[in-house]
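# Survey of secondary and tertiary structure
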Amino acid sequence: MSSPFPSSAAVSATAATIAAAVASFLAGMDVLIVNVALPTIAADLGGDMAVQQWVVDGYTLLFAVLLLLAGSLADRFGAKRVFLIGAALFGLVSLFCSFAWSMAALVAGRCVLGVASALILPASMSLINEANPDPRRRAWALALWGAGGASASAVGPLLGGLLTPIHWSLVFAINVPFCLFLLALAPRIAPSPRRPIRFDGLGQTLALAGLSALVAGIIEVGAIGLTVPATLVLLGVGVLALALFVLSQAKVAAPMMPLDLFRIRGMQVALQIGFIMIFNWYGMVFICTMFLQNERHMGAFAAGLVFVPSAFVTIIGNLIGGRIITARGSRFSITLGLAIMIAGFLFEFLTPAPIPVWVVATGLSVVGFGAAITTPAAAGVVLRSVDPAQAGIASAMFNTFRQVGGAIGVAVFGVIATFLPSLTLALRSVFLASALLLVYVLAFELLRWRER
């Protein structure tokens, strides 16, 4: 006679899946919740467009650069342990940010928050992989994980709009209850296996130096100009360090980004999708919040409300996306999701100026719906494309490309907004560029799958 109570394995799988989804939500929310609060923070603590970009990119840059190291840590010390350390650090540093007394202190806190996010995100995907060996259960778990991250992209600006009128510090303090919840789930999650992984100190140093210099150089293009020596040095150092990083990965015994994974067809598709999707989304949300508050003169609360429809649509899209993956497979889901996103960006671009607020809200919803279908499918392709022993590093590579795309997207679109005469024109440029980039990704995806 079977027990009416769930087995310990089922309880552990459920707890791990919930924890992973909440962590995905938390990491994604903290990228964008601050966007709506930036004008208020700048009014209180000071800071021009470049400094405001660093409040966003200080987080996304460290998040991106350390994801590969964090993936190796999750493999070596166990995903559960690394996950819980990251959750505890995230909560503590969020409290620090809520009491920041200057922009320099806030940017420093945001950088450490990026470190904490890097610890929890690849570990969360590894927890799902460990707890859900059945492909169908894993597909649903990844859909929930994707729902967490994708809905955060829409809920973040909404919560920022709700909390900023009370006080901007609350956009950071709101993280603490989520972190406490993750720590409370810890006893129900099964221990993770450990694997003897070696660290690539040279690769980590070159990646950190290269990406930091490159993003800083792009931001400084908007702040002081392209031809200024400081900007050229930063861009040159960034490109050189990244080139040396790629060369080092072919030479070291234990590379942090194994180049052989780039030869796998599924990884090629998923990495490009991850990079360009988040490049577009983070850059669009950054410019949208500036457009709504600085050009349409909306308050933080009203600007946050513009993101409400996309929050609900994104959650629904992730739940539907799990069914589509199960019924039609990841390739169909990716193709459908990319096509929907392209349609959303073109709808916004083709609307005559001045761009109505309802068009912005509708376009965000359409793009968010497409992203919600695409993200878990791409994550599933990553996990299916590699050996289980490489799941941690492959997950970290996927999320690294996503977050690098986000950091560069904010930097690039911020520069575009600096040079163009109006935020309306900047927003239309973002819509067009995003659509064209996704057309490229869709064509690449279709051609690569057809070659099989």
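Notes on the structure in this doc start here. What you see is a predicted model; the values in this text were computed from it and never measured. Each chain has its residues counted from 1, following the order in which its sequence is written. Side-chain atom pairs in this predicted model are given and counted only at pLDDT of 80 or more, local residue features only at pLDDT of at least 70, and totals for whole chains, interfaces and linings cover all residues. The side-chain values count all of the structure's non-hydrogen atoms but skip hydrogen atoms and water molecules.

Okay, the overall build of the protein chain next. Every helix listed is a DSSP run of H or I at least four residues long, and every strand listed is a run of E at least two residues long, numbered separately from the N terminus. Secondary structure assignment for the protein chain yields 16 helices and zero strands. The atom set for the radius of gyration is the C-alpha atoms, and the globule formula is 2.2 Å times the number of residues raised to the power 0.38. In summary, the protein chain has a C-alpha radius of gyration of 21 Å against a globular reference of 22 Å for 452 residues, a match within 12%. Taking the principal axes of the C-alpha coordinates as reference, the protein chain spans close to 70 × 50 × 50 Å. Each residue's exposure class comes from its accessible area (1.4 Å probe, protein chains only) as a fraction of the maximum for that residue type: buried when under 20%, exposed when over 50%, partly exposed otherwise. Here the protein chain holds 452 residues, and 59% of them are scored as buried. Contacts spanning at least 24 positions in sequence make up 84% of the contacts within the protein chain whose residues lie at least 6 apart. In this description, accessible areas are obtained by the Shrake-Rupley approach with a 1.4 Å probe, and a residue is regarded as covered only by the protein chains that are shown. In the form shown here, the protein chain has an accessible surface area of approximately 16,900 Å², with 72% of it arising from carbon and sulfur atoms. On the protein chain, the mean spot of the 24 positive side-chain charges and the mean spot of the 15 negative ones are 12 Å from each other. Contacts: residue pairs with any heavy atoms within 4.5 Å of one another. Here Asp and Glu are counted as negative and Lys and Arg as positive; His is not counted, and neither are the chain ends. Here the site of a charge means atom NZ of a Lys, CZ of an Arg, CG of an Asp or CD of a Glu.

A few words on the nonpolar core. Membership of the largest hydrophobic core comes to 150 residues, with the highest contact counts inside it found for Phe83 and Met284. The element best represented in this core is helix α10 (residues 265-295), accounting for 19 residues. Sequence-distant contacts of phenylalanine 83, defined by excluding residues within four places in its chain, comprise Ala19, Ala23, Leu119, Ile120, Ala123, Ser124, Leu127 and Leu182. The term nonpolar core refers to a set of buried residues drawn from Ala, Val, Leu, Ile, Met, Phe, Trp, Tyr and Cys, joined through side-chain atoms within 4.5 Å.

Attention shifts here to the side chain of serine 434. Along the chain, serine 434 falls in helix α16 (residues 423-450). Setting aside anything within four residues of it in sequence, one finds serine 434 in contact with Asn280, Phe345 and Phe413.

So, on to the environment of alanine 253. For alanine 253, the position within the fold is in the loop between α9 (229-249) and α10. Owing to a relative accessible area of 66%, alanine 253 belongs among the exposed residues under this scheme. As a C-alpha pair, alanine 253 and alanine 184 span 69 residues in sequence and 39 Å in three-dimensional space.

Below, the discussion takes up the side chain of serine 124. Position of serine 124 among the secondary structure elements: in helix α4 (residues 103-131). A distance of 2.5 Å separates the side chain of serine 124 from the backbone oxygen of leucine 121, its partner in a polar contact. Not counting residues up to four positions away in its chain, the partners in contact with serine 124 are Ala20, Ala23, Phe83 and Trp145. By the criterion applied in these results, polar contacts are pairs of N or O atoms within 3.5 Å in which, for protein atoms, one can donate a hydrogen and the other can accept it, and in which residues neighboring in sequence qualify only through two side-chain atoms.

Here we take up the pattern of salt bridges. In the sections that follow, a salt bridge refers to a side-chain nitrogen of Lys or Arg positioned within 4 Å of a carboxyl oxygen of Asp or Glu. Tallied over the full model, the rule gives one salt bridge. Put simply, aspartate 30 and arginine 110 hold a salt bridge, and the shortest N to O gap is 2.9 Å. Taken together, the residues span a long stretch of sequence, with aspartate 30 in helix α1 (residues 8-45) and arginine 110 in helix α4 at a distance of 80 residues. On the accessibility criterion, arginine 110 (0% relative accessible area) is buried.

Quick look at helix α13 (residues 330-350) now. Take the residue count of a helix, subtract one, and multiply by 1.5 Å to get its expected span. Helix length check: α13 (21 residues) gives 30 Å between terminal C-alpha atoms against 30 Å at 1.5 Å per residue, within 8%. Within the sequence span of α13, burial applies to Ser330, Ser333, Ile334, Gly337, Leu338, Ile340, Met341, Ile342, Gly344, Phe345 and Glu348.

Here we come to the packing of aromatic side chains. Here the aromatic set is Phe, Tyr and Trp, taking the six-membered ring for Trp, and pairing holds for ring centres within 6.5 Å; pairs whose planes are under 30 degrees apart are stacked, those over 60 apart are edge-to-face, and all others are tilted. The tally for this structure, following the rule as stated, stands at nine aromatic pairs. Between tryptophan 168 and phenylalanine 172 the ring centres are 6.3 Å apart and the planes differ by 85 degrees, which places this aromatic pair in the edge-to-face class. In this structure, tryptophan 168 and phenylalanine 172 share a single accessibility class: buried. Ring plane angle 55 degrees and centroid distance 6.2 Å describe the contact between phenylalanine 347 and tryptophan 358, whose orientation is recorded as tilted. Taken together, the positions of phenylalanine 347 in helix α13 and tryptophan 358 in helix α14 (residues 357-385) put the pair 11 residues apart, joining distant regions of the chain. Looking at tryptophan 358, the relative accessible area reads 56%, which means it is exposed. An aromatic cluster is present here, built from Phe275, Phe279 and Phe413 joined pairwise through their rings. By definition, being over a ring means that NZ of Lys or CZ of Arg is both within 6 Å of the ring centre and within 35 degrees of the ring normal. Between the NZ or CZ atom of arginine 328 and the centre of the ring of phenylalanine 332, over which it lies, the distance is 4.0 Å.

For helices, the axis comes from a line fit to the C-alpha atoms of the stretch in contact; other axes are also lines fit to C-alpha atoms, and the angle between any two N-to-C directions lies between 0 and 180 degrees. The geometry of helix α2 (residues 49-77) relative to α4 is characterised by a closest axis approach of 6 Å and an angle of 30 degrees between their N-to-C directions. Between α2 and α4, the angle is such that the two are roughly parallel. Considering how the two elements wind past one another, α2 and α4 form a crossing that is right-handed. When the residues that make up the contact of α2 with α4 are grouped by side-chain class, the tally is 23 nonpolar, four polar and one charged. Each angle gets one of four labels, with under 35 degrees taken as roughly parallel, over 145 as roughly antiparallel, 65 to 115 as roughly perpendicular, and the rest as oblique. By definition, any crossing whose near helix is turned counterclockwise from its far helix by less than a right angle is left-handed, and any crossing with a clockwise turn is right-handed. Amino acid classes used here: Ala, Val, Leu, Ile, Met, Phe, Trp, Tyr, Cys and Pro are nonpolar; Asp, Glu, Lys and Arg are charged; the rest, including Gly, are polar.

A few words on unusual backbone geometry. Positive phi is not limited to glycine here, since histidine 297 has a value of about 55 degrees. Along the chain, histidine 297 turns up in the loop between α10 and α11 (300-305). Taking the relative accessible area as the measure of exposure, histidine 297 reaches 64% and is therefore exposed.

This part takes up a nonpolar patch on the surface. A patch consists of residues whose relative accessible area exceeds 30% and which take part in no salt bridge; residues with like charges are grouped when within 9 Å of each other, and nonpolar side chains (Val, Leu, Ile, Met, Phe, Trp, Tyr) when within 5 Å. A cluster of nonpolar side chains, Trp140, Leu144, Ile315 and Leu319, forms an exposed patch at the surface whose accessible area comes to about 330 Å². Secondary-structure elements contributing two or more residues to the nonpolar patch are α5 (135-163) and α12 (308-328). Take leucine 144: its relative accessible area is 38%, and that puts it in the partly exposed class.

As a further point, take the environment of serine 98. Note on placement: serine 98 falls in helix α3 (residues 79-98). With a relative accessible area of 10%, serine 98 lands in the buried category. Separated by 71 residues in the primary sequence, serine 98 and serine 169 have C-alpha atoms spaced 4.2 Å apart. Ignoring anything within four residues of it in the chain, the contact list for serine 98 reads Ser169, Phe172 and Ala173. At 2.6 Å, the side chain of serine 98 and the backbone oxygen of leucine 95 are in polar contact.

Moving on: the packing of α3 against α4. Relative orientation of the contacting elements α3 and α4 amounts to 155 degrees, with a least axis distance of 8 Å. The angle between the axes of α3 and α4 places the two elements in the roughly antiparallel class. At the point where α3 passes α4, the crossing takes the left-handed sense. Across the contact of α3 with α4, the residue classes break down as 20 nonpolar, six polar and three charged.

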